[in-house]
Structure formats: C-alpha cells, structure tokens
Amino acid sequence: MFYVSCEVDVQKSIILVIATRNKGKTAEIKRLLKNYPVEIKDLDDFGPIPQIKETGQTFDDNAYKKASFTARVLGLPALADDSGLLVEALNGAPGVYSGRYAGEAATDEERCLKLLNEMAGKSDRRAAFECVVSIAVPSGPALTYEARCEGLITEAPSGLGGFGYDPIFFYPPHKKTFAELTIQEKNRISHRGKAFAEIKDEFDRILIWIRQHMSIPEKVK
Ligand code: IMP
C-alpha cells in the first residue's frame, strides 16, 4: 500500500488555535503574527472542551500536553505555552508549581510572600524564569521553543507592574525588578518575550512545517 502527501497550498491561510482563554495572550500573539497568513483563534472560539490538567514534571511536558490535546480534539494545529520561576537555593522550586505555589486559591501577592519566606536568610538569590512553547498538529508531532531569563530574588517586593513573581524578580542588566519595567521593556528580555520573538522570526518555516503535517495522506494504490 502506498501513500503520497497531498500538494501543499502555500497561499492558503491556516488556522492556529492558541490553547488559552486568556484574551490578553491571544491578542498579543495576533499582534505578533499579524503579517503572516494565519488566522489566530483561541479556546473561546469553540464549544466546551475538557480542561487538561497540568500534571507534567517539566514546562516542556505541560506545553506539549496542552498543545497536542487541543490539536487532537479540534483537528487543528495548536500552540500552548508553559512557564514559571526556578530558584537555585530552593532546588528549582516553585518550577512547574509556580502558579499554585501557595495553594490553588492564593493570590500573586501570597505566592511572592511565601517565596520570600522560603528565601529568608539565604544568600544565593539566583533564579530564572523559563518558558516553553509547543506547536502541535493533530497527528502528534510538535515544534518546541524555549527561552530563559536570569535574575535574582529580592529581599522585598518592589514595583507595581506585571504579574506573578515580577515584584520580587530583579533583573541586573536593568537594575530593576520585572514589576518596575514597562511592558515593552519586559517583553524584550523576558523568557516569554524571547520565546515568541524566535517563533515570529521563524514563522515562515513554521507555516511550511504545519502545512506539511496537516496535509492528508492520499491513498494511491
Ligand atoms: P503560565 O504557564 O504562563 O501560566 O505561568 C505559570 C505561573 O508562573 C504564573 O501563574 C506565574 O506565577 C509564573 N510566571 C510565569 N511567567 C511569569 C512572568 O513573566 N512574571 C511573573 N510570574 C510569571
């Protein structure tokens, strides 16, 4: 039995589903990829979809699980990201638990305070944010993009911008915490900003890869 791939139509716009219900994230990705022949959708554009639990041990696991599950359920290429903070003196914690470090219902402020308590008396303040982005097709294969931003955990929160651990993450080259940077400054140097900048730069090739992996095999014999 022989199969041959269908011809790939390079002009046709493709749909890419962002595995999120966060409108800010969708809007940001739309802006980033506005010059490419891609129609960005997110989970709110479809009916109810079972929620996938982020049970992976790495950002990579979680990003891939979210992207491939969404791609399989919807039959469309999907993009998902996962990120968090790794602190040297805490052996990489909170890591994949960054979002629920102080319990599911805790606020960003409570998470920051818990981390500062854990760090009391520790002189090694090194930490890094990491981000992994996975772009998957329904048949399973995926592309992975990773980026990292290194900094130091402060002794106390400072700054009002950003979210999450931004007020306690000091970025030495700018001599400011992430919460003291403008959004534009943060996007240029952050883990997420760098991962998405690489995706933007490579998006022509990513589109070719998606088209090749979405083309339906044609049975010829
Ligand atoms: P997510 O995978 O992007 O949802 O990130 C998981 C958690 O990591 C967030 O809830 C935050 O606590 C933390 N986090 C990720 N990125 C950042 C950031 O840029 N600044 C501060 N905290 C972050």
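Since this is a predicted model, take the numbers as computed values, not measurements. (Residues numbered from 1 in each chain as written. Predicted model: local features only at pLDDT ≥ 70, side-chain atom pairs only at ≥ 80, totals over all residues. Heavy atoms only, no water.)

Caption draft 1: Structural view of the overall build of the chain. Check the secondary structure of the chain and you find 6 helices and 9 strands. Taking the principal axes of the C-alpha coordinates as reference, the chain spans close to 70 × 30 × 30 Å. Scored against the burial criterion, the 221 residues of the chain give a buried share of 42%. Sequence separation of at least 24 residues holds for 62% of the intrachain contacts in the chain that already meet a minimum separation of 6. (Helix = DSSP H or I, 4+ residues; strand = E, 2+ residues; numbered from the N terminus. Buried < 20%, exposed > 50% of the residue type's maximum accessible area, 1.4 Å probe, protein only. Contact = heavy atoms within 4.5 Å.)

Caption draft 2: Examining the packing of aromatic side chains more closely. Scanning the entire structure with this criterion turns up 5 aromatic pairs. Note on F129 and F178: the rings are 5.6 Å apart at their centroids and 15 degrees apart in plane angle, and the pair reads as stacked. Here F178 lies in the loop between β8 (176-177) and α4 (183-189) and F129 lies in strand β5 (residues 126-136), a separation of 49 residues in the sequence. Across the pair, exposure class does not vary: F129 and F178 are buried alike. (Phe/Tyr/Trp six-rings, centres within 6.5 Å; stacked < 30°, edge-to-face > 60°.)

Caption draft 3: Local environment of the nonpolar core. One finds L16, V38, I135 and F203 to be the most contacted residues of the largest nonpolar core, which totals 24 residues. Looking at this core, the elements with two or more residues in it are β2 (14-18), β3 (38-42), β5, β6 (142-153), α5 (191-201) and α6 (203-214). In terms of residues, this core owes the most to one element, α6, which gives 5 residues. Among all residues touching I135, those that are not within four sequence positions of it are L16, A78, L79, P141, A142, L143, Y145, I199, I206, W209 and I210. (Core = buried A, V, L, I, M, F, W, Y, C linked by side-chain atoms within 4.5 Å.)

Caption draft 4: Inspection of the site of the ligand at higher detail. Around the ligand there are 13 residues in total, and S83, D166, K186, H191 and R192 lie nearest to it. Backbone polar atom of Y165 to a nitrogen atom of the ligand: 3.1 Å apart, as the coordinates give it. At a separation of 2.8 Å, an oxygen atom of the ligand approaches a polar side-chain atom of K186. Protein contact buries 84% of the 480 Å² of open area that the ligand shows by itself. Put simply, the parts of the chain that give the shell around the ligand at least two residues each are β4 (78-87) and α5. Among the elements that line the shell around the ligand, the one with the most residues is β4, at 3 residues. A breakdown of the residues in the shell around the ligand according to their chemical character gives 3 nonpolar, 6 polar and 4 charged. (Near = heavy atom within 4 Å. Polar contact = N/O pair within 3.5 Å; in protein donor to acceptor, adjacent residues only side chain to side chain. Areas by Shrake-Rupley, 256 points an atom, 1.4 Å probe, with all protein chains shown as cover. Nonpolar A, V, L, I, M, F, W, Y, C, P; charged D, E, K, R; others polar.)

Caption draft 5: Here's a closer look at the environment of C131. Take C131: it is sitting in strand β5. For C131, a relative accessible area of 1% corresponds to the buried category. Taking the C-alpha atoms as reference points, C131 and Y36, separated by 95 residues in sequence, lie 23 Å from one another. In this structure, C131 is in contact with D81, D82, S83, Y145, E146, A147, H191, R192 and A195, ignoring residues within four places of it in sequence.

Caption draft 6: Fine view of the pairing of β4. Counted residue by residue, β4 has 8 buried out of 10 residues, so it is predominantly covered. For β4 and β5, the ladder comprises 10 bridges, and the chain directions are antiparallel. Note that in β5 the partner of L79 across the bridge is I135. (Pairing = 2+ DSSP bridges.)

Caption draft 7: Quick look at the pattern of salt bridges. Tallied over the entire structure, the rule returns 18 salt bridges. The partner of R21 in a salt bridge is D44, and the shortest N-O contact between them spans 2.7 Å. Highlighted residues: R21 in the loop between β2 and α1 (23-32) and D44 in the loop between β3 and α2 (59-74), separated in sequence by 23 residues. A relative accessible area of 44% means that R21 is categorised as partly exposed. Here D82 and K66 are joined by a salt bridge, their closest N and O atoms 3.7 Å apart. Taken as a pair, D82 in strand β4 and K66 in helix α2 lie far apart in primary sequence, 16 residues in all. The pair D82 / K66 is uniform in exposure class, with both members buried. Shared partners join several salt bridges into a network, and the residues in it are R21, K23, D42 and D44. (Salt bridge = Lys/Arg side-chain N within 4 Å of Asp/Glu carboxyl O.)

Caption draft 8: A look at the sheet that holds β6. Spatially, 7 strands are ordered β3-β2-β4-β5-β6-β7-β8 in an open sheet, and the strand pairing comes out mixed. With partners counted over all chains shown, the strands left at the sheet margins are β3 and β8, one partner each. Lying over the sheet, α5 contacts β4, β5 and β6, oriented at roughly 150 degrees with respect to β6. (Axes fitted to C-alpha atoms, helices over the stretch in contact; angles between N-to-C directions.)

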